[in-house]
Amino acid sequence: LERASTEARRTGQAVQEERQRCIDQAATELTAVQHSRWREWALNEKLKDKVSSLEQQLSSHPIKSLQEARRSDAEALRASEALAERCKTGLATWEQRAEDAERLSAARGREALELRRENEGSRHELALVEALLACAQAMPPKNAGRSSRSCLGADEREAAMLQGRAEALFREHAV
């Protein structure tokens, strides 16, 4: 009985620990995705500022500077496109990791549910064993030096009643 009770507590504790680990992992993945998006936003703002600065330089310099500005703009555009592609790739990677974490969390949730069901079955078996033990302890001793015939009949009736109770417990457990 004690072993089954201990096993049930350990199973419940393992389920709680695994659930917390999955939640922590999902939170970490989500934080990483958010940081990635903030970095992308900051880089876009930086590029906008650079383009604005280049446009101001363009308007203040002669035509020779215009060609340099166009080249610089083209380089900045290529650099920003490359950066955007890297950001998209990074974002896709983080989104995949988040999806993987969600799938893992769902699998762990199903596993936890299965462990709860198993734990519940163990609890029912423990209750059966406790009830049967109570019946066994309540059984009168067999011919323990009693001399009175009426006392033996009462003991036999009590034993038959307890045996019937034990059989009923087995039937109830089987259902």
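Please read these numbers as outputs of a predicted model, since none were measured by experiment.

Most often, soluble globular proteins keep nonpolar side chains buried together rather than apart. With 5 residues, the main nonpolar core is built from Leu128, Leu132, Cys135, Ala166 and Leu169. Those elements giving two or more residues to this core turn out to be helix H2 (63–138) and helix H3 (149–174). Looking at this core element by element, the count peaks at 3 residues for H2. Not counting residues within four places of it along the chain, the set of residues in contact with leucine 132 comprises Ala166, Leu169 and Phe170.

Moving on to the side chain of serine 80. Position of serine 80 among the secondary structure elements: in helix H2. A polar contact of 2.8 Å, which involves the side chain of serine 80, links it to the backbone oxygen of leucine 77.

On to the pattern of salt bridges, then. The final tally for this structure, using the stated rule, is 8 salt bridges. Notably, a salt bridge pairs glutamate 18 with arginine 21, separated by 2.7 Å at the nearest N-O pair. Of this pair, glutamate 18 and arginine 21 both sit in helix H1 (residues 2–60), 3 residues apart, roughly one helical turn. Glutamate 18 is paired through a salt bridge with arginine 108; the nearest N and O atoms lie 2.8 Å apart. Here arginine 108 lies in helix H2 and glutamate 18 lies in helix H1, a separation of 90 residues in the sequence. The partly exposed category is assigned to arginine 108, whose relative accessible area is 26%. Among the charged side chains, a salt-bridge network with shared partners connects Glu18, Arg21, Arg108 and Glu111.

Quick notes on the rules
Residues numbered from 1 in each chain as written. Predicted model: local features only at pLDDT ≥ 70, side-chain atom pairs only at ≥ 80, totals over all residues. Heavy atoms only, no water. Core = buried A, V, L, I, M, F, W, Y, C linked by side-chain atoms within 4.5 Å. Buried < 20%, exposed > 50% of the residue type's maximum accessible area, 1.4 Å probe, protein only. Helix = DSSP H or I, 4+ residues; strand = E, 2+ residues; numbered from the N terminus. Contact = heavy atoms within 4.5 Å. Polar contact = N/O pair within 3.5 Å; in protein donor to acceptor, adjacent residues only side chain to side chain. Salt bridge = Lys/Arg side-chain N within 4 Å of Asp/Glu carboxyl O.

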